[in-house]
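Single-letter residue listing:
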Amino acid sequence: MTKTVAFDVAEGVAWVRFNRPEKRNCMNPTLNREMMVLLDELEFRDDVGVLVLGGEGTAWTAGMDLKEYFRETEALGLGAMRQADRECFGWWRRLRWYQKPTIAMVNGWCFGGGYGPLFSCDLAFAAEEAQFGLSEINWGILPGGGTTKIATELMSFRRAMYHALLGESIDGRTAAEWGLVNEALPLERLRPRVAEVASKLLEKNPVTLKATKDAIRRVGEMTYDNAEDFLVRAQEAANSFDDQGRREGIRQFIDDKSYKPGLGAYARPGSVR
Ligand code: COA
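Residues numbered from 1 in each chain as written. Predicted model: local features only at pLDDT ≥ 70, side-chain atom pairs only at ≥ 80, totals over all residues. Heavy atoms only, no water.

Here the focus is the overall build of the protein chain. Looking only at helices and strands, the protein chain features twelve helices and ten strands. Against the compact-globule benchmark of 19 Å for 273 residues, the protein chain has a radius of gyration of 20 Å, which places it among compact chains. Seen through its C-alpha atoms, the protein chain measures out along the principal axes to roughly 65 × 45 × 40 Å. Among the 273 residues that make up the protein chain, the fraction classed as buried is 44%. (Helix = DSSP H or I, 4+ residues; strand = E, 2+ residues; numbered from the N terminus. Rg over C-alpha atoms; globule rule 2.2 N^0.38 Å. Buried < 20%, exposed > 50% of the residue type's maximum accessible area, 1.4 Å probe, protein only.)

Along strand E3 (residues 50–55), six of the six residues are buried, which leaves the element largely enclosed by surrounding structure. Here E3 shows no split at all, with Val50, Val52 and Gly54 on one side and Leu51, Leu53 and Gly55 on the other all buried. Since strand E2 (residues 13–18) and E3 lie parallel, the crossover through helix H1 (residues 29–43) that links them has a hand, and here it is right-handed. Sheet topology places E3 next to strand E5 (residues 102–106); three bridges connect them, and they run parallel. Looking at E5, one finds that Leu51 is bridged to Thr102. (Right-handed = clockwise from strand over helix to strand, strands pointing away. Pairing = 2+ DSSP bridges.)

This brings us to the confidence of the model for the protein chain. Detailed reading of the predicted model is not advised wherever pLDDT is low. Scored by pLDDT, the protein chain comes out at a mean of 96, with 98% of its residues at no less than 70. Across the protein chain, element-level confidence peaks in E5 with a mean pLDDT of 99 and bottoms out in helix H12 (residues 244–254) with 92. (pLDDT = per-residue confidence, 0-100.)

All right, on to the packing of aromatic side chains then. Overall, the coordinates contain eight aromatic pairs when judged by the stated rule. Geometrically, the ring pair formed by Phe89 and Trp92 is tilted, given 5.9 Å between the ring centres and 50° between the ring planes. Of this pair, Phe89 and Trp92 both sit in helix H3 (residues 78–96), three residues apart, roughly one helical turn. On the basis of relative accessible area, Trp92 is assigned to the buried category, the value being 4%. An aromatic cluster of three or more residues is present, and its members are Phe18, Trp60, Phe89, Trp91 and Trp92. The lysine or arginine in question, Arg191, covers the ring of Trp15, its NZ or CZ lying 3.8 Å from the ring centre. The ring of Phe119 carries the charged tip of Arg217 above its face, separated from the ring centre by 5.1 Å. (Phe/Tyr/Trp six-rings, centres within 6.5 Å; stacked < 30°, edge-to-face > 60°. Lys NZ or Arg CZ within 6 Å of the ring centre and 35° of its normal.)

Attention shifts here to the pattern of salt bridges. Under the criterion given, the structure shown has 24 salt bridges. One salt bridge connects Lys67 with Glu72, and the closest N-O pair in it is separated by 3.0 Å. Its relative accessible area of 43% is what places Lys67 among the partly exposed residues. Salt bridges sharing common partners tie together Asp8, Arg17 and Glu56. (Salt bridge = Lys/Arg side-chain N within 4 Å of Asp/Glu carboxyl O.)

Moving on to the nonpolar core. Counting residues in hydrophobic clusters, the biggest one holds 61 residues, and the most contacted among them are Val16, Trp91, Leu118 and Phe132. Top contributing element to this core by residue count: helix H9 (residues 187–202), with six residues. (Core = buried A, V, L, I, M, F, W, Y, C linked by side-chain atoms within 4.5 Å.)

Right, let's talk about the sheet that holds strand E1 (residues 5–10) for a bit. The strands making up a sheet are joined through hydrogen bonds of the backbone, oriented either antiparallel or parallel. Spatially, E1-E2-E3-E5-E7-E10 is the arrangement adopted by the six strands of the open sheet, whose pairing is mixed. Here the strands that pair on one side only, and so sit at the sheet edges, are E1 and strand E10 (183–185). Strand-to-strand, the axes of this sheet are offset by a mean angle of 20°, without reference to chain direction. Lying over the sheet, H1 contacts E1, E2 and E3, oriented at roughly 20° with respect to E1. (Axes fitted to C-alpha atoms, helices over the stretch in contact; angles between N-to-C directions. Contact = heavy atoms within 4.5 Å.)

On to the site of the ligand. Every residue lining the ligand is accounted for by Glu22, Lys23, Arg24, Cys26, Ala62, Met64, Asp65, Leu66, Trp109, Phe111, Gly113 and Ser135. The side chain of Arg24 places a nitrogen or oxygen atom 2.8 Å from an oxygen atom of the ligand. A total of 860 Å² of accessible area belongs to the ligand in isolation, and the protein chains cover 60% of it. Residue classes in the shell around the ligand are distributed as six nonpolar, two polar and four charged. (Near = heavy atom within 4 Å. Polar contact = N/O pair within 3.5 Å; in protein donor to acceptor, adjacent residues only side chain to side chain. Areas by Shrake-Rupley, 256 points an atom, 1.4 Å probe, with all protein chains shown as cover. Nonpolar A, V, L, I, M, F, W, Y, C, P; charged D, E, K, R; others polar.)

As structure tokens, then:
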């Protein structure tokens with residue numbers, strides 16, 4: 001357990017939390033360093049099949065720490081600013097390509113730099129009460145550190161432009177409608193729903209999950225032909241990690257008739273749960 005990041009592991013799920021509730025979980029350099037250490041520690045643990053990123057208190061994260069990440073770091077000069085950037089971009093990148101599937105559980109405020117980890121998580125669920133905003137315009141910067149790119153990845157051009165120029169916040173329901181999250185639910189139903197989704201992911205073949213999540217992120221920038229070729233190779237690479245999985249999946253359907261792939265996953269011996 002660290003100061004700015006909390007976590008526990010239960011039934012195959014690592015429940016990681018931003019842990020600066022008194023500062024609305026805004027990301028200072030300490031948090032960025034501690035989060036990277038924690039992600040490192042959890043990534044290949046056998047008892048972790050899914051990672052959920054939530055927030056302590058009323059916030060998911062209020063974005064970058066305006067005092068410690070911006071003002072105090074800028075006062076130390078360019079080298080310090082670049083290092084602070086590397087530290088936050090580093091753990092966001094690590095999370096984008098994480099070995100295990102990841103879920104953002106957005107319980108409350110999510111502003112500015114918070115869109116970095118939001119996009120880094122493979123799936124995202126929000127409380128209807130949560131508030132999302134590209135608030136940078138309100139205090140005098142453009143949405144940097146990848147957030148402008150994320151806005152255009154997740155939202156239509158018109159919505160991204162409105163969101164970035166106006167700096168108005170939207171609630172969880174609108175965030176779901178605009179594509180920032182998969183679903184919005186009342187706060188009291190948020191954790192049970194995330195637990196349910198995590199539990200479904202734990203039933204799947206972990207090699208296939210990693211190959212699939214990476215493929216979804218990679219193909220967006222490829223031509224159709226390049227994607228087709230990449231996906232053939234990605235499947236062949238996945239087969240070299242786990243050649244039995246798909247054979248077992250076919251066998252249980254065709255020979256045993258014990259399940260239907262259209263309706264659920266094959267029974268996997270040695271599942272993390
Ligand atoms: N950077 C630095 N400090 C922050 C912060 C941030 N991004 N967000 C919140 N805090 C601090 C406040 O300064 C305050 O500190 P204090 O207790 O020492 O005075 C504490 O966290 C609580 O914040 P407060 O504003 O009183 O909480 P609130 O619940 O009334 O409002 C927010 C919550 C998120 C609406 C508000 O804190 C806010 O607008 N934060 C900035 C959001 C933002 O623009 N982030 C983008 C950064 S890229």
